[in-house]
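# Analysis of the macromolecular model
What follows is each chain in one-letter form.
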Amino acid sequence: QPVHLQEYAPPAYLVDDVHLTFRLDPKATRVSARIAFRPNPAAQDRTFFLHGEELTLVSARIDGQDVTPKITPQGLTCAVPDAPFTWEAEVDISPEANTALEGLYISNGMYCTQCEAEGFRKISYYPDRPDVMAPFTVRIEGDAPALLSNGNPADSGAGWAEWHDPWPKPAYLFALVAGDLRAVSEGFTTASGRPVELNVWVRPGDEGRAGYALDALKRSMRWDESAYGREYDLDVFNIVAVDDFNMGAMENKGLNIFNSKYVLASPETATDRDFDLIEGIVAHEYFHNWTGNRITCRDWFQLCLKEGLTVFRDQQFSGDMRSHAVKRIEDVLQLRARQFREDNGPLAHPVRPESYVEINNFYTATVYEKGAEVIGMLRRLVGPEGYRKALDLYFDRHDGDAATIEDWLKVFEDVTGRDLTQFRRWYSQAGTPRLKVAEDYADGRYTLHLEQHTPPTPGQPEKAPQVIPVAVGLLNPNGDEVVPTTLLEMTEAKQSFSFEGLAAKPVPSLLRGFSAPVILERETSAEERAFLLAHDTDAFNKWEAGRQLAREVLAKMTTEDAAPGPAYLDALAAVARDDTLDPAFRALALRLPSEDDLAQALANSGITPDPWEIHAAREKLKAAVARHLAEQWPALYREMACPGPYTPSASDAGRRALRLTALGYLSRLDTGDEARRLYAEAGNMTETIGALSTLLEIGRGEEEIEAFYARWSADRLVMDKWFALQTSLAPPQRAAATARALTEHPDFDWKTPNRFRAVIGGLSANAAGFHDPSGASYELVADWLIRLDDVNPQTAARMSTAFETLGRYDASRQARMRAALERIAAKPGLSRDMGEMVGRILGSG
Ligand code: ARG
Ligand code: ZN
C-alpha cells in the first residue's frame, strides 16, 4: 500500500491540451472533459490509466467513439490507440456532500476547490500526477456573480464564463471558484511593463478587510522581481478567501485560494500576529508561481523542492519587510516547537521522504521548515552571489519542468563547482543532529572540538556525518568581538578548528544566526550565557544566550525546585531596560520558553518531563521575573503605548508586543487591574487579545470572556480566537472540562476546520492541560478525532500529531496515550490518512 520514491516511472501518456466544462449544481455538478493525449516516448508502459475517485461516469469517448472503460475505486483503464487521441468523458459529482474539503466542495454557499495533492481525481478522470502538465481551458456554467478559474479570462456571458491558462500545469494547480463574491482590486505593472489586474475576492461585507492582503501581494510581486528577477506571467492574479479550508492557502495558478483567516484583516478584528501571517502567506503563495508552478515537482516525494524553497523565500521577504533578526528568532522558535518535536519522535522522516501511504500526511514541518533550513545552509555555503547564480540557472534550465532534488542540487554544483554529494544527506537522513562542543586554549591558540551525532529515527538506525555550516564569532573577556563571524564547514563526525593570536581565552558565539538546524550541546556557566546576552554582536545568538539561560533555570526549578539565580534575573532586567534594542527583540527576550520546549529539552537530556511540574515551575518563574522587575513594568507598559491610529507596521507591532509582555508580568502583581482597564479601553484586537489572555493566564477574565462573546459572536474569525484562547490557556486541572464544555457550545461548528482546530487544537497546544494525568484530555481529543475522521480525514489525521510526543512521558501517561491511539486505530472504517498516522505514532506502521 505505501508508495516508494524508487518506484517512479514516467507517465505512459502525456497531455497536450485540456478542456473542462462545469455545469454547477450542489448535488450533481456535471463535469465534461476533453483531453488530448499522446503516448509518452520516454515511457515503456502503455497502460492507459486515469485517476478518478467518487465520480459517477456518465459517458466516455475516444476520438468520438463510445468506449466502456474498466472502473475501480481508484480510477479507470481503457484500450486506446497507439497514437495521439482525444478522450472525452462526462462525470457527475456532488460538491454538497464533500465534507473532506478536497476536490470541488461548497463552503458557506460558495463553490471552491482544493486539488493539491491528489484532489483533482475527485473532479474528473485524469492522470493526476504532477509530472503531467498541460494548458487548460475551462468553461463554468452557473448563476453566481463570480465564476473564476485559472489563467486569463477568455469570454463570458450571463450565467457562464470561460478561462484560459496558457501555462502548462499539473492538475493539482487547477482551481475553480463560484459564488457571491466581491473583488477588491488594484492594478500592477510588472518590471517589463505587463499590466496585471489584482483582485482579492471576498464575501459582500468583507471588502473592508481585504486591503492588507492586497498590499502584501503588491509588495511580494515587486520583491520577487528585485530579489529573484521573477515577474508575473498572466493578465490577472486572483486571491479568494474561503471559510472552510484544510490548510492555510493554495497556490493554484493565477487563482490562489486562502483560508479566510489568512486574508481578512482589520485593526478591530485581527491581531498583529494575524497581519504578519497574512503578509507571509500571501507572499508564500505568490512566490509559488515560480517555485512550484512554472517549475513543479516530478512526484510528491519532491514536495520540499517547492515548499522548502518557497518557505525560504517567504522568510527572506518577511525579513526584508520587517526585521531580519526578529524574523530569524521567530522562525527558529517555530522550527524547534514543530520540526524538532517531529524529528525527535515517531513521525520523524527525511526532508525528502522515501515512502508514504497518504501524501497529505507529509505536508509537515520537516518538509516545509527543515526544507527551508537546508536551503539557508546551501546559501550560506555558496554565498549570496553563488546562490543567486544558481537560482538564475535553476529558473533558466528548469522552467516548464517537473523537477527533482537532484536537478536542484545540480544547478548549485554546476554554478559553484562544489561537490554536494555529502550535503544531499540533509534530504535523506531524518533526525536532528546533536553538535557537541568542547574547547581548549593555550598560547594564544583557541581550538573548538566539534562532534556530531544524529540519533536513530524510524527506519534509519545509523546516520552518516552531515555537512554542518557552523558560523562562529569570538569575543574577548571585555565583550569586544575579536574574531568576526567565520564559517566553519564541518564534514566529519569529529573535527577541530583553531584560531590563532588571541591575547586571552575568548568566549565563543557558536552557530550564529542558527546556521544549521542542529541541537548544540555545550555545557557552560550561567555567567557566560549572561555575558553573551549582554555583548554578542549577533542578534540571534544574543537572544539564544538568554533563551538557554532561561531553559537551564526552568529545568532546575522543575527538577530540583531551585530558585531562579541572579544571573538570569539581572540579565533580563538589563534587556528590559535597554532601549537601544528593538522593542520586538526585547519582547522575544523577555518571553519564557514554552512548556513543550522545556519538556523537549528535558527529554533530550534523559529526564522524563512532568508537564504539571513544568507548568508550576514556569508559573513560579513568571512570578519571580514579575517581582524582580516590579519597578520596570508599569513604566515599560506606559512608554510602549503607540500614539495615533493603529497600523500593523513592524515597529508598532514590536512596541505592542513589548507592552503586552510588560502587562503580562505586571498582572501578576496587581491581580489584573491594568489588564482589565486595557480590555475595557482597547482600540484594536491586538490589545483586546493581549488583555484577555493575560487575564486568563492569571485565572481571571470570566466577565471579559462573556463580554467578548457578546461583542463578537457574529464574527467567525474572531470567534475562533474566543474558542482557542479558552482551551489553550485553561489551567491544567480544568483544561479538559473547559474544552468539553466548549464542544457543547452552540457555536462549535466542528465540521469547519478552523473551529475544530480552535477547540481541539487549542487543548492539544495546552501542554499541561493536554497531559492531564487522568487522561481526560487524551480521551476527549481521541473522541473528536474519531468523529472528525469520517467527515474530514485530512484535518483529523493532521491533528493526531498531538500524540507524537508519547515516548517522552512517564509510563502512566504513555499507557493512557497509547490507549487513546489504539481506540482510534480500532475505529471501523478508519481513513487511510488516520490509519497511517496512528500506526506510525504507535510504532506499528
Ligand atoms: N501548497 C500549499 C502551500 O504550501 C499547501 C497545500 C497543501 N494541501 C494539502 N491538502 N495537503 O501553500
Ligand atoms: Zn507552499
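Keep in mind it's a predicted model, so treat the numbers as computed, not measured. (Residues numbered from 1 in each chain as written. Chains lettered and ligands numbered in written order. Predicted model: local features only at pLDDT ≥ 70, side-chain atom pairs only at ≥ 80, totals over all residues.)

Helices and strands together make up the secondary structure of the protein chain, namely 26 helices and 31 strands. Relative to the compact-globule value of 28 Å for 845 residues, the protein chain shows a C-alpha radius of gyration of 27 Å, a close match. For the protein chain, the C-alpha atoms occupy an extent of roughly 85 × 65 × 60 Å along the three principal directions. Across the 845 residues in the protein chain, those meeting the buried criterion constitute 52%. Within the protein chain, contacts between residues separated by at least 24 positions form 70% of all contacts whose residues are at least 6 apart in sequence. (Helix = DSSP H or I, 4+ residues; strand = E, 2+ residues; numbered from the N terminus. Rg over C-alpha atoms; globule rule 2.2 N^0.38 Å. Buried ≥ 20, exposed ≤ 12 C-beta atoms within 10 Å, placed from the backbone. Contact = placed C-beta atoms within 7 Å.)

A word on the packing of helix H4 (residues 324-343) against helix H11 (residues 583-590). Two quantities define a packed helix pair, namely the angle between the helix axes and the distance between the axes. Running from N to C, H4 and H11 cross one another at 25 degrees; their axes reach a closest spacing of 9 Å. With respect to H11, the element H4 is oriented roughly parallel. The handedness of the crossing between H4 and H11 is left-handed. Listed contacts from H11 to Ala 325, Val 326 and Ile 329 of H4 are Ala 584, Phe 585 and Leu 588. Residues of the contact of H4 with H11, tallied by class, amount to 6 nonpolar, no polar and no charged. (Axes fitted to C-alpha atoms, helices over the stretch in contact; angles between N-to-C directions. Parallel < 35°, antiparallel > 145°, perpendicular 65-115°, else oblique. Left-handed = near helix turned anticlockwise from the far one by under 90°. Nonpolar A, V, L, I, M, F, W, Y, C, P; charged D, E, K, R; others polar.)

Let's shift gears to the UniProt feature "domain: Peptidase M1 membrane alanine aminopeptidase" (unreviewed entry) in the protein chain. Within the UniProt annotation, "domain: Peptidase M1 membrane alanine aminopeptidase" (unreviewed entry) is assigned to residues 212-426. Helix makes up 56% of residues 212-426 and strand 9%, with an end-to-end C-alpha separation of 37 Å. (UniProt positions renumbered as here; feature names shortened; annotations may be inferred.)

Turning our attention to the environment of Gly 248. Looking at where Gly 248 falls in the secondary structure, it is placed in the loop between strand E19 (236-242) and strand E20 (249-250). Given 15 C-beta atoms within 10 Å, Gly 248 falls into the partly exposed group. A sequence separation of 83 residues divides Gly 248 from Asp 331, and the C-alpha atoms of the two residues are 17 Å apart. Setting aside chain neighbours within four positions, we find Gly 248 in contact with Asn 259, Tyr 262 and Ile 281.

Turning next to the UniProt feature "domain: Peptidase M1 alanyl aminopeptidase Ig-like fold" (unreviewed entry) in the protein chain. Residues given the UniProt feature "domain: Peptidase M1 alanyl aminopeptidase Ig-like fold" (unreviewed entry) here are residues 431-522. Within residues 431-522, the helical portion is 0% and the strand portion 53%, while the C-alpha atoms at the span's ends are 19 Å from each other.

In the neighbourhood of ligand 1, 13 residues make up the surrounding shell, with Glu 116, Met 247, Met 250, Asn 360 and Tyr 363 lying closest. Mapped by element, the contributors of at least two residues to the shell around ligand 1 are E20 and helix H2 (272-287). By residue class, the composition of the shell around ligand 1 is 5 nonpolar, 4 polar and 4 charged. (Near = placed C-beta within 6 Å.)

Moving on, we get to the nonpolar core. By size, the foremost hydrophobic cluster in this structure holds 249 residues, and its most contacted members are Leu 176, Val 177, Ala 213, Val 240, Ile 257, Val 263 and Ile 278. No other element matches helix H5 (residues 365-398), which puts 11 residues into this core. Those residues in contact with Ile 278 that lie beyond four places of it in its chain are Tyr 212, Ala 213, Ala 216, Tyr 262, Val 263 and Ala 265. (Core = buried A, V, L, I, M, F, W, Y, C linked by C-beta atoms within 7 Å.)

What follows covers the confidence of the model for the protein chain. Parts of the prediction with low pLDDT should not have their coordinates interpreted in detail. Residues of the protein chain with pLDDT of at least 70 account for 100%, and the chain-wide mean is 98. Across the interface, the model reports ipTM at 0.98; the global pTM reads 0.99. (pLDDT = per-residue confidence, 0-100.)

Turning next to the packing of helix H19 (residues 716-729) against helix H21 (residues 753-765). Remark: H19 packs on H21, axes separated minimally by 7 Å, with the N-to-C direction vectors making an angle of 15 degrees. As far as their axial angle goes, H21 and H19 are roughly parallel. Considering how the two elements wind past one another, H19 and H21 form a crossing that is right-handed. Between H19, through Asp 720, Phe 723, Ala 724, Thr 727 and Ser 728, and H21, the contact on the second element is made entirely by Asn 754, Arg 755, Ala 758, Val 759, Gly 762, Leu 763 and Ala 765. Class assignment of the residues belonging to the contact of H19 with H21 gives a composition of 6 nonpolar, 4 polar and 2 charged.

This paragraph deals with the pairing of strand E18 (residues 195-202). Bridge analysis of strand E17 (residues 182-189) against E18 gives 8 bridges, and the strand direction is antiparallel. Bridge pairing links Arg 182 to Val 202 in E18. Hairpin connection of E17 to E18: 5 residues between the antiparallel strands, including Gly 193 at a positive phi of 100 degrees. Bridging between E18 and E19 involves 5 bridges; their strand directions are parallel. For Val 200, the partnering residue across the bridge sits in E19 and is Ile 239. (Pairing = 2+ DSSP bridges.)

With that settled, the discussion passes to the sheet that holds strand E26 (residues 445-453). Taken together, the 4 strands give an open sheet; going across it, the order is E29-E26-E25-E31, and neighbouring strands pair in mixed fashion. Two strands bound the open sheet, and with one partner strand each, they are strand E29 (494-499) and strand E31 (519-521). This sheet shows a mean twist of 25 degrees between the axes of neighbouring strands, independent of strand direction. As defined by bridge partners, strand E25 (residues 434-442) adjoins E31 across 3 bridges and the pair is classed as parallel. When the sheet's bridge partners are listed, Leu 435 is paired in E31 with Leu 520.

What follows is about helix H26 (residues 832-841). Burial runs high along H26: 8 of the 10 residues are buried. Turning to H26, its buried residues number three or more, namely Asp 833, Met 834, Gly 835, Glu 836, Met 837, Val 838, Arg 840 and Ile 841. Following H26 by one or two positions, Gly 843 has its phi on the positive side, about 80 degrees.

Moving on, we get to the environment of Phe 136. As for its position among the elements, Phe 136 is in strand E12 (residues 134-141). The sequence separation of Phe 136 and Asp 206 amounts to 70 residues, and the corresponding C-alpha distance is 31 Å. Leave out the neighbours within four places in its chain, and Phe 136 touches Val 18, Leu 20, Asn 150, Gly 151, Asp 165, Lys 169 and Phe 174.

A maximum bend of about 35 degrees is found in H4 at Arg 336. Buried residues dominate H4, accounting for 14 of its 20 residues. (Bend = angle between axes of the 7 residues up to and from the residue.)

A separate point is unusual backbone geometry. A cis amide bond links Glu 116 with the next residue in sequence, Ala 117, at an omega value of 0 degrees. By the element assignment, Ala 117 lies in the loop between strand E11 (110-114) and E12. A positive phi is found at Asn 108, a non-glycine position, where the angle reads about 50 degrees. Mapping Asn 108 onto the fold places it in the loop between strand E10 (103-107) and E11. For Asn 108, a count of 14 C-beta atoms within 10 Å puts it in the partly exposed group.

Attention shifts here to the pairing of strand E5 (residues 56-62). Both E5 and strand E9 (residues 85-93) contribute to a ladder of 6 bridges, which runs antiparallel. Each residue of the ladder has a partner; that of Leu 57, found in E9, is Val 91. Where E5 meets strand E6 (residues 65-66), 2 bridges bridge the pair, whose relative direction is antiparallel. The residue bridging Ile 62 from the neighbouring strand is Gln 65, located in E6.

Right, let's get into the sheet that holds E17. For sheets, the rule is that strands pair by backbone hydrogen bonds, running either parallel or antiparallel. Within the open sheet, the 5 strands sit side by side as E17-E18-E19-E21-E20. Their pairing is mixed. Each having just a single partner strand, E17 and E20 make up the two edges of the open sheet. The strands touched by helix H1 (residues 211-228) within the sheet are E17, E18 and E19, with E17 carrying the most contacts at an inclination of about 25 degrees.

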